[in-house]
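Structural characterization, general
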Amino acid sequence: MEHRPSFQEMLADMKKGKINYIVAYKLDRITRSVRDLEELISQLEMYNCYLICDKDDVNTSTANGRFFVRMLTVLSQLEIERVSERTKFGMVGAIKDGHIPVRKTLGFMTDNKKLILNPAESEIVERIFDLYLKGNSYQKIANIFNEEKILNKKWYDTTILKILSNPLYKGDFISGGRTGTPVLYEGVVEPIISKNLWE
């Protein structure tokens, strides 16, 4: 709740005794977090303030009302977690079926939402790996591609590094690396480079 300035302003007014009721349309407009709700209810009790949620028929001025509001939040939290589980399960199935959630990746194209090889571009990827294995640096490969005007775009050493370190080129996909524990899915797309060569 600390990231909601207007909400914090309302709580400050409650602590100053300016308000004695907080009225909301539904409980999930206040919070969907069980922990936040517990904190809010304890503050409401401390400052003799009550919560009323019109649509959910919630009123914390009674013991039954406080119990009911806690039950509603627990159920809301359960539904959020179940939706999250279903989404993750659906995503795993989609990834294993070749529906990879990536932006445009050199060497691949989408066909009916599936990631498949782009023959013209996959040759460029193979050449990058070949040049690197022959001892050329990232910058040297970028310079060669800029001189040859490959794909009529500006090549950088960081672009080459990104390509050489992308497991998609050996047919694997890593999900969730930025937001949580990374999960490796092996053999989900046709590889451009063999696993041994990539390693």
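I will try to describe carefully the structure that is included in this document.

Definitions and limits used
Residues numbered from 1 in each chain as written. Predicted model: local features only at pLDDT ≥ 70, side-chain atom pairs only at ≥ 80, totals over all residues. Heavy atoms only, no water. Phe/Tyr/Trp six-rings, centres within 6.5 Å; stacked < 30°, edge-to-face > 60°. Helix = DSSP H or I, 4+ residues; strand = E, 2+ residues; numbered from the N terminus. Buried < 20%, exposed > 50% of the residue type's maximum accessible area, 1.4 Å probe, protein only. Lys NZ or Arg CZ within 6 Å of the ring centre and 35° of its normal. Axes fitted to C-alpha atoms, helices over the stretch in contact; angles between N-to-C directions. Parallel < 35°, antiparallel > 145°, perpendicular 65-115°, else oblique. Left-handed = near helix turned anticlockwise from the far one by under 90°. Contact = heavy atoms within 4.5 Å. Arc of directions from axis to C-beta.

A word on the packing of aromatic side chains. The tally for this structure, following the rule as stated, stands at five aromatic pairs. With a centroid separation of 6.3 Å and 70 degrees between ring planes, the pair formed by phenylalanine 129 and tyrosine 169 is classed as edge-to-face. Taken as a pair, phenylalanine 129 in helix H4 (residues 119-133) and tyrosine 169 in the loop between helix H6 (157-164) and strand S6 (173-175) lie far apart in primary sequence, 40 residues in all. Of the two residues, phenylalanine 129 and tyrosine 169, both sit in the buried class. Consider the rings of tyrosine 132 and tyrosine 138, whose centres lie 5.5 Å apart with planes at 10 degrees: the pair is stacked. In this structure an aromatic cluster arises from ring pairing among Phe108, Phe129 and Tyr169. Stacked on the ring of tryptophan 155, the Lys or Arg lysine 153 has its end atom at 4.3 Å from the ring centre.

For the rest of this paragraph, the subject is the packing of helix H1 (residues 5-15) against helix H2 (residues 34-46). At a closest axis distance of 10 Å, the pairing of H1 and H2 adopts a crossing angle of 25 degrees. Classified by the interaxial angle, the pair formed by H1 and H2 is roughly parallel. With respect to the hand of their crossing, H1 and H2 are arranged in left-handed fashion. Every residue of H2 that contacts H1 at Phe7, Leu11, Met14 and Lys15 is listed here: Leu40, Gln43 and Leu44.

Okay, helix H5 (residues 138-147) next. Residues of H5 that are buried include every one of Ile141, Ala142, Ile144 and Phe145, and no others. Down the axis of H5, the sector holding all buried residues measures 160 degrees, keeping them to one side. Buried residues belonging to H5 abut H4 and H6. Residue lysine 149 follows H5 closely and has a positive phi angle near 55 degrees.

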